Structure formats: structure tokens, C-alpha cells
Amino acid sequence: MRTFLLLVALLSVMACSRSARVRTPQVVLAWGESGHEPGRLFHPSGIAVGADGTVFVADTGNDRIQAFRADGEFLWTFGRSGDEPGEFRRPMDIDIDGAGLLYVAELGGDRVQVFRPRGELVRTIQGEGTPAGGFDGAAGVLVSPSGDVYVADFYNDRVVHFGPEGKYIGVVGTSGRVWEGRLHYPTDVAWLRGDLVVADAYNNRVQVFSPTGDVVRAWGGPLGFGLAGSRHGWFRVAVGVATDSAGHIFVSDFKNHRIQVFDAEGRWLAEFGHQGASIGEFERPTDLDIGPAGRIYVVDFGNDRIQVFEGLEDQDAPSAARLESSPGPVVASGRVTDFHTLPAELDVSEIAAAVNRWP
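About the thresholds
- Residues numbered from 1 in each chain as written.
- Predicted model: local features only at pLDDT ≥ 70, side-chain atom pairs only at ≥ 80, totals over all residues.
- Heavy atoms only, no water.
- Helix = DSSP H or I, 4+ residues; strand = E, 2+ residues; numbered from the N terminus.
- Contact = heavy atoms within 4.5 Å.
- Polar contact = N/O pair within 3.5 Å; in protein donor to acceptor, adjacent residues only side chain to side chain.
- Pairing = 2+ DSSP bridges.
- Axes fitted to C-alpha atoms, helices over the stretch in contact; angles between N-to-C directions.
- Buried < 20%, exposed > 50% of the residue type's maximum accessible area, 1.4 Å probe, protein only.
- Salt bridge = Lys/Arg side-chain N within 4 Å of Asp/Glu carboxyl O.
- Core = buried A, V, L, I, M, F, W, Y, C linked by side-chain atoms within 4.5 Å.
- Lys, Arg positive; Asp, Glu negative; His and termini not counted.

Thoughts on the environment of His36
For step 1, the next point in the chain: One can find His36 in the loop between β2 (27-31) and β3 (46-49).
For step 2, the next point in the chain: If we ignore the near neighbours within four places in the chain, the residues touching His36 are Phe42, Asn62 and Arg64.
For step 3, the next point in the chain: Among the polar contacts made by the side chain of His36, one reaches the side chain of Asn62 at a distance of 2.7 Å.

Focus: the sheet that holds strand β9 (residues 111-115)
For step 1, the next point in the chain: Ordered in space as β7-β8-β9-β10, the four strands form an open sheet in which the pairing is antiparallel. The open sheet terminates on both sides in strands that have one partner only, identified here as β7 (91-96) and β10 (121-125). Direction aside, neighbouring strands of the sheet carry axes that sit 20 degrees apart on average.
For step 2, the next point in the chain: Alignment of β7 against strand β8 (residues 102-106), held across five bridges, turns out to be antiparallel. What sits directly across from Pro91, in β8, is Glu106.

A look at the environment of Glu165
For step 1, the next point in the chain: By secondary structure assignment, the location of Glu165 is in the loop between β13 (158-162) and β14 (168-172).
For step 2, the next point in the chain: With relative accessibility at 70%, the residue Glu165 sits in the exposed group.
For step 3, the next point in the chain: Considered as a pair, Glu165 and Val149 are 16 residues apart in the sequence and their alpha carbons are 8.9 Å apart.

Points about the pattern of salt bridges
For step 1, the next point in the chain: Within this structure, the stated rule accounts for 17 salt bridges.
For step 2, the next point in the chain: As a salt-bridge pair, Glu120 and Arg116 come within 3.1 Å of each other at their nearest N and O atoms.
For step 3, the next point in the chain: Given the relative accessible area of 48%, Glu120 is considered partly exposed.
For step 4, the next point in the chain: On the accessibility criterion, Arg116 (39% relative accessible area) is partly exposed.
For step 5, the next point in the chain: Ionic contacts of the salt-bridge type, sharing partners, join the residues Glu33, Glu37 and Arg40 into one network.

Regarding the side chain of Asp200
For step 1, the next point in the chain: Locating Asp200 in the fold gives a position in strand β18 (residues 195-200).
For step 2, the next point in the chain: Judged by its relative accessible area of 0%, Asp200 is buried.
For step 3, the next point in the chain: Side-chain polar atoms of Asp200 contact the side chain of Asn203, separated by 2.9 Å.
For step 4, the next point in the chain: Of note is the side chain of Asp200, whose polar atom sits 3.0 Å from the side chain of Gln207.
For step 5, the next point in the chain: Discounting chain neighbours no more than four positions away, the residues touching Asp200 are Arg182, Leu183, His184, Pro186, Arg205, Gln207 and Ala238.

Let's talk about the nonpolar core
Considering soluble globular proteins, one finds that nonpolar side chains tend to be buried as a cluster.
For step 1, the next point in the chain: Counting 16 residues, the largest nonpolar core has Phe250 and Ile296 as its most contacted members.
For step 2, the next point in the chain: Contributions of two or more residues to this core are made by β23 (258-262), β24 (268-272), β25 (285-290) and β26 (296-300).
For step 3, the next point in the chain: Beyond its immediate chain neighbours, meaning those up to four positions away, Phe250 contacts Gly240, Val241, Ala242, Asp244, Ile259, Gln260, Val261, Leu288, Ile290, Ile296 and Leu312.
For step 4, the next point in the chain: Membership of the second largest hydrophobic core comes to 15 residues, among which are Ala190, Ala199, Trp219 and Ile249.

Regarding the side chain of Asp289
For step 1, the next point in the chain: Looking at where Asp289 falls in the secondary structure, it is placed in strand β25.
For step 2, the next point in the chain: Despite its burial, Asp289 pairs with no opposite charge; the closest candidate is Arg295, at 14 Å N-O.
For step 3, the next point in the chain: Here the side chain of Asp289 touches Val49 through a polar contact of 2.8 Å, landing on its backbone nitrogen.
For step 4, the next point in the chain: Not counting the four nearest positions on each side in its chain, Asp289 is found in contact with Ile47, Ala48, Val49, Ala242, Arg295, Ile296 and Tyr297.

Structure (C-alpha cells):
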């Protein structure tokens, strides 16, 4: 059986190799210092950028939400540790609906609270009516263009679907490993042209579902079986996902300390970042969002900061956004690089070793 799986995996490597020429995103701004005072961050996890450019950060270690200008200037904060309405237990993720309301997923509070931008509580979604009777770790949240709400229910290994008013509709995914449609500690959800992109974090892969729960595709290691690795298109905990208007999919590759970029079909295009504390480097990036002009805002969890990168571009397309002077460090204009989905020098023994580690 393992020999068969190895042969299938090798065939998938040969079949999916392709080259792509894109402009690799380059860092243009970074802000954040470790601490507890307003404007400082302590183990931040989630981020959302409003239509006006306001950046909202889930400052998880401080149990609060902080708002910044697009250039990193601190604006305001709300929330504190606790279980009462308007308080937080490990806020992990944020999304913003068409009316500008903030949806905050609490991993420790097992709920999603909905706020106006300045922190006025509107309502709470606690998973009433779901098969398990509620959430067990609300890790990620998505509001669709129609107002439907999808919650990554971490310990229940599922994504829960609610209507615009918070009424339970159904569940996407089932608990399990390896096979498509099975989820193991999902952490984030993004919208892609009517489908759901799910960060199947501890299966080390990304899965795309229809809103009704049918699997569209999956990737992460050979055949999307979720083997951990550091090659292009492989992950070591795929923890955050975001999409842009062109259909690119951005994935926070937590333990590989990088962001990987894919097209709408799941084909690898580019990556940026590696482990470190210098500008442009990451220490376990968690979440990301795409702001105005295609800027990529990344939560650099271990370095207690936010980093901003110039948006991805096709090689031959004219630059839509030039690097600007800013209060933070600026890096020279992005280089154009040839990449390959899986390099020719891929060591077959790596796949064989990974297959042998399967349960």
C-alpha cells in the first residue's frame, strides 16, 4: 500500500510542476513593539483591514482589539480580559462585513462578538443550534459578501455556517486526517469567488469547499494529503488564509516562517519571508489580510509586530503601487523571479520518508 501511495505521490509531483513569473512581494513598512501599553502588541494573532485603510489587530496576549492607521500610527483600543460581553479570552481572528462591523473570534471565549469599529458591542454568536451545542475554540471567522458567517471551530474540527442574523445553517468538513474533506484543527476561512478557502492547519494543507460543504480541491504535500514539509506548496501548520481580487490565495505557513502564494487553482506562485527578526523576516506568522492597492498586511506573531508588503503582480503587468516613503524601513522595489512549483532537484527520498510516517 505504501509503495502504491509513493508512486501516486511521485506522479503528482511530475504532473503539477509548472513555472510562473510573478513579482515577489517586498516589505514596505513594519510597526509594533512588545508590551501591554496602548499601541504595543503581545502575541498578536489576527488582522483585518477596513475599506478606509484602518488596520484592526487581534492583540491576543493582551485580550483586546487595537486599531491603527495604514502607516502604523496607533488610533484606539477596546476590550480587556474577561468573559462578560465586550471582554475577551484569546481573540484570534477578525473579519469586517460590508457595513463595517467587526466580527471577533475568541478561541478561549468560544464565541464570536460583533462590534462597531470603536468597540460598541452589537451582538454575539455562540454557536446555538449547532450539533455540538456551541463552539469549542472559535479560531477564525469569515463574513461572506451576502452576510453569511463562517466560523473555524478549532477543537470540533469543522467550519460552522450561520445566516446573516446568526441563525445556524450547517457544517462544512468532518473530523479526520489525510482524506479530502476531513479537517484537523482548522484555524481560518477566506472567500474565493463563491467558495470557502479553509486553513486546515494541523493537516498541513489548504482545502477549498463550496458553501454547501462539497470539496473543490485541496493541496499541501503530494496530492493534498497534508504531509508536513518545507518545499513549495508544502506546509508546517497552514494557519492563516487570505485572497485578493485577482484570485490569488495567500497562506501563512506558521512553522516555516513564511507566506506562500497560490493561484485560484492551488498552483504555487511565490513565497516570501524566512525565520528571523529583521525587517521582512518572520517568527511564526499567523494571519494576513489584503488592504487597499493590494498591500499585504501580515501578523508577525513571535516578533510582536505587523509587516506590510507590496502586492503581488504578474511580471508583465505595469506596477500598480510604487514603494512610498514611510515612517518604517523601506526596501527597494520588488525583483522579478522565475519560480517552479516543485524544483527539479526534489529528493525523492523526502517523499518516501514522509509516506512512511503516515499513520
